[in-house]
Amino acid sequence: MNYRHIYHAGNFADVFKHLLLVMAIDYYKQKDKPICVLDTHGGIGLYDLTSEQAGKTNEYPEGIGRLWNDADAPAFVKPYLDIVEGLNEQGELKSYPGSPWVVQQLLRANDRHIVSELHIEDAEALKANLEGQQTSRLEVLAPFDGYEVLKAKMPPNEKRGLVLIDPPFESVNEFDDIVAAIQQGIKRWAAGSFAVWFPLKDDAKVADFYGQLSELEGLPKTLAIELMVKEPDPSAGLYGCGYVWVNPPYGIQQQLPDVMNYLQRVLAQDESAHSRTFWLVEE
Ligand code: SAM
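Residues numbered from 1 in each chain as written. Predicted model: local features only at pLDDT ≥ 70, side-chain atom pairs only at ≥ 80, totals over all residues.

- Labelled according to an unreviewed UniProt entry, the protein chain appears under the name Ribosomal RNA large subunit methyltransferase J, originating from Idiomarina baltica.
- According to UniProt, the comment filed for the protein chain under the heading Sequence similarities (unreviewed entry) is "Belongs to the RlmJ family."
- UniProt, in the comment section headed Subunit (unreviewed entry), describes the protein chain in these words: "Monomer." (UniProt positions renumbered as here; feature names shortened; annotations may be inferred.)

Written out as structure tokens, the structure reads:
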């Protein structure tokens, strides 16, 4: 396990991932009933953008740095930016929240939050970073394999909620593992919402992923959301990222055109930046 998220914290992919995560949770919170959020690949929860590791790749200026400096950010971005600003009260962007931190800021006392992380050092850092931050019923399972946690913890008692699957894609089998996890997940929790983040760099692998998912028996309505920030270049790695979203919250579907228009504009790295959204399994 070589992947450490500190090298990528706050980049365009995190902005895409966390903005939609905040919007989904806020949508669920429109009803009083408690929700459950499972974050299978939690990372460490809190990132120091002034660290040597973050400085080495320096990805955040083209991610959260763009929104931080956007005086005209639309209203739907505010709840996400408020969380980032809460960590940077002196007005200078130095810290960035990971998904477990983001979720903790949003959940209510009756909601449930389960986070897992496999990397031994990152597991310790995650526990330390979430210490004292508890707003909901929180369970940190670390070091634990997120795919095993998904099997063990689903279905939750709460009827509504979200599973975030955000792996590092270090393993050549990651897409296959995700398909297997979704198959298990929908069998156990058919009404659950499953958001799977994935990188756009190898189009053939993504096409195969979409194909495998579409063939899953009993897959509920499933949306694919893609953000391309620059021209694909096989030698340059990530050119975009996406979510495959099983049972996407209705509030997300409604706001997606505006959100994706904004993200493709504010995060563009060249003129070819664009986005697309389509159903893998129709409503
Ligand atoms: N979700 C985090 C966020 O948005 O802030 C970032 C997660 S990062 C992309 C992926 C994380 O998954 C890494 O911290 C890595 O150590 C961890 N990881 C890798 N394999 C795992 C597994 N099988 N189960 C749980 N965590 C795993």
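Moving on from the model shown.
**Focus on the nonpolar core**
Reasoning step 1: Among the nonpolar cores identified, the biggest contains 83 residues, and Phe16, Ile25, Val37, Leu126, Ile182, Val196 and Tyr243 are the most heavily contacted of them.
Reasoning step 2: In contact with Tyr243, not counting residues within four places along its chain, are Leu20, Ala195, Val196, Trp197 and Ile225. (Core = buried A, V, L, I, M, F, W, Y, C linked by C-beta atoms within 7 Å. Buried ≥ 20, exposed ≤ 12 C-beta atoms within 10 Å, placed from the backbone. Contact = placed C-beta atoms within 7 Å.)

**Considering the site of the ligand**
Reasoning step 1: Taken together, the neighbourhood of the ligand is formed by 21 residues, with His41, Gly43, Gly98, Ser99 and Gly146 sitting nearest.
Reasoning step 2: When grouped by side-chain class, the residues that make up the shell around the ligand number 6 nonpolar, 10 polar and 5 charged. (Near = placed C-beta within 6 Å. Nonpolar A, V, L, I, M, F, W, Y, C, P; charged D, E, K, R; others polar.)

**Topic: the pairing of strand β7 (residues 193-200)**
Reasoning step 1: The element β7 is largely enclosed, with a buried count of 6 among its 8 residues.
Reasoning step 2: Bridging between strand β6 (residues 160-165) and β7 involves 4 bridges; their strand directions are parallel. From the neighbouring strand, Ile165 faces β7, where its bridge partner is Val196.
Reasoning step 3: With helix α8 (residues 174-188) bridging β6 and the parallel β7, this β-α-β connection has right-handed handedness.
Reasoning step 4: With 7 bridges joining them, β7 and strand β9 (residues 240-246) adopt antiparallel strand pairing. By the bridge assignment for β9, Phe198 is matched with Gly242. (Helix = DSSP H or I, 4+ residues; strand = E, 2+ residues; numbered from the N terminus. Pairing = 2+ DSSP bridges. Right-handed = clockwise from strand over helix to strand, strands pointing away.)

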